[in-house]
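Each chain, letter by letter, is given below.
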Amino acid sequence: MHPQHPHRKHHLGTLLALCLALSACGGGGSDGSDAAPAATNTTPQAAPSISGVVGSLLHQQAITVQGSHFGSKPQAAPLRFEDFDTRATGVAPASFGYTNYGGFGGSTTVDDGVAFGSGKSLRHQGHFGAVSSSSVVEESFPHIAVTGFAATELYLSYRLKFRTHGGRLVQLKFNRSGMEVAGANGSPCYGGKPKYYSSYYPDGPSVNRYSADKRLTGVQGGIVRSDGSLDEGWAGEATMGSGTVLPLQEDTWVQVEEYYRLNDVGQANGEHVTWVNGNLQIDRHALQPRSSTAQVLNCSYLVVGMDYWINPGSTDGVAVWYDDHYLDTSRARLVLANAATWGASTMRNPQVATQWQDGSISATLQRSGFPAGMAWLYVVRADGSTSASWPVTLP
């Protein structure tokens, strides 16, 4: 038991009221919470709060996080989690549940030579052995996605890295998620509407296509509305929120997180948020992509495609690896992170929950990329509120 402090008792009611009003007991979600700014006339809930953790902190072992105000999550498990470690090397993702829309260019298979942390990953090898002239851009569109669901919001996380083998990426398409449209150009999902999308580019069209600087430094994203009109822009522009671009280095793993929420019909309250390594890049909360409740999100890509030049002296194409793909119809999640504050965390592994109640969450620990030592757990509630960190020591 904690010792009592009689001389402080007359302050407790005031402090509790203030704590609840700020949703910041024990730290809370005020530090980089996923939540959109709340309306001034609403009464905030108390922030999620962790009080303890039981279970093994070894990779893929069961843990239970205890606390309060975790909210509800009717389906505890995510819609999809795939680390590719149990998949046969060389097989295509269609063999274990992904949809292949019949894309073109290169091949996409499980790779046991490269992975985030350890194990295996999914590799897309674009046009192996092809070369580009000074005026020809190679294109590769595998069109590999998750389908068979219907939702009004999606949270996704995955890791990727790219290697140019002496060439250069012109566009690396991140995610495309939306509503399938039969017969659409590209594929029912790629040409769907409403749709959310984001891509990385080199810094402007004047960059030397065979430059020694292989970084991708420009982020474009937006929506296709249900009527086919676009609402898009570049990270750093006022219309895209408060985000800043984090350059992607060649041959370096990064974590991509995206959150999409369709608007309530007749209201401009749809959302599109993109992070790379925890760095906020797109941050939009007043979108109106749909006009009917029949319009939902029912497809989400993992491997979309890329545009690139291949150095004429190279015998290899450009390759991109994907790992730890997490997709869910709620942003409620338990997260293992590498910093004591949410805003400073550059690794945020979403955990595969097996049970979710307001006061406890059970999950299978996913600690890919985390060495032995200190780490921190967070709970993100369905409304985006984020708990203060809970320190753990990984063996």
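Rules of the game
Residues numbered from 1 in each chain as written. Predicted model: local features only at pLDDT ≥ 70, side-chain atom pairs only at ≥ 80, totals over all residues. Heavy atoms only, no water. Salt bridge = Lys/Arg side-chain N within 4 Å of Asp/Glu carboxyl O. Buried < 20%, exposed > 50% of the residue type's maximum accessible area, 1.4 Å probe, protein only. Helix = DSSP H or I, 4+ residues; strand = E, 2+ residues; numbered from the N terminus. Polar contact = N/O pair within 3.5 Å; in protein donor to acceptor, adjacent residues only side chain to side chain. Contact = heavy atoms within 4.5 Å. Pairing = 2+ DSSP bridges. Axes fitted to C-alpha atoms, helices over the stretch in contact; angles between N-to-C directions. Core = buried A, V, L, I, M, F, W, Y, C linked by side-chain atoms within 4.5 Å.

S.K.: How would you summarise the pattern of salt bridges if you had to cite specific residues and measurements?
M.R.: Under the criterion given, the structure shown has 13 salt bridges. The shortest N-O distance in the salt bridge between Arg 80 and Glu 82 comes to 3.0 Å. Each member of the pair, Arg 80 together with Glu 82, is buried. Where Asp 231 meets Arg 284, a salt bridge forms, and the shortest distance between an N and an O atom there is 2.8 Å. Placement of the pair is Asp 231 in strand E13 (residues 230–234) and Arg 284 in strand E16 (residues 279–287), with a sequence separation of 53 residues. According to the relative accessible area criterion, Arg 284 is buried, its value standing at 9%.

S.K.: Lay out the side chain of Gln 295 with the relevant residues and their values.
M.R.: Secondary-structure assignment places Gln 295 in the loop between E16 and strand E17 (297–303). Of note is the side chain of Gln 295, whose polar atom sits 2.7 Å from the backbone nitrogen of Ser 291. In this structure Gln 295 touches Met 179, Pro 194, Ser 226, Leu 262 and Arg 290, once residues within four positions along its chain are discounted.

S.K.: Any details on the pairing of strand E10 (residues 168–178)? Residues and values, ideally.
M.R.: Of all 11 residues in E10, 10 are buried, a share of seventy percent or more. Bridge count for E10 against strand E18 (residues 306–309) is 4 bridges, and the pairing is antiparallel. Each bridged residue has a counterpart across the sheet, and for Leu 169 the counterpart in E18 is Tyr 308. Judged from the 5 bridges that link them, E10 and strand E11 (residues 195–201) form a sheet pairing that is antiparallel. Each bridged residue has a counterpart across the sheet, and for Ser 177 the counterpart in E11 is Tyr 196. Taken together, the 2 bridges between E10 and E17 define a ladder with antiparallel strand orientation. Within E17, the residue paired with Gly 178 across the bridge is Cys 299.

S.K.: Describe the sheet that holds strand E23 (residues 360–364), naming the residues involved and giving the relevant values.
M.R.: Strand pairing in a sheet takes place through backbone hydrogen bonds and is either antiparallel or parallel in direction. Ordered in space as E1-E2-E23-E22, the 4 strands form an open sheet in which the pairing is antiparallel. Each edge of the sheet is formed by a strand with only one pairing partner; in this case those strands are strand E1 (49–55) and strand E22 (352–357). Mean inter-strand twist for the sheet, computed between neighbouring axes without regard to direction, equals 20 degrees.

S.K.: I'd like to hear about the side chain of Arg 367, residue by residue, with values.
M.R.: For Arg 367, the location among the structural elements is in the loop between E23 and strand E24 (373–380). Once residues lying within four places of it in the same chain are set aside, the contact partners of Arg 367 are Leu 57, Leu 58, His 59, Leu 336, Asn 349, Ala 372, Leu 394 and Pro 395.

S.K.: Describe the nonpolar core, naming the residues involved and giving the relevant values.
M.R.: With 42 residues, the main nonpolar core has Leu 160, Leu 172, Phe 174 and Tyr 322 as its most contacted residues. In this structure, Leu 160 is in contact with Leu 172, Phe 174, Thr 252, Trp 253, Val 254, Val 256, Val 320, Trp 321 and Tyr 322, ignoring residues within four places of it in sequence. Within the second largest apolar cluster, 26 residues are counted, among which are Trp 253, Ala 332, Met 347 and Leu 365.

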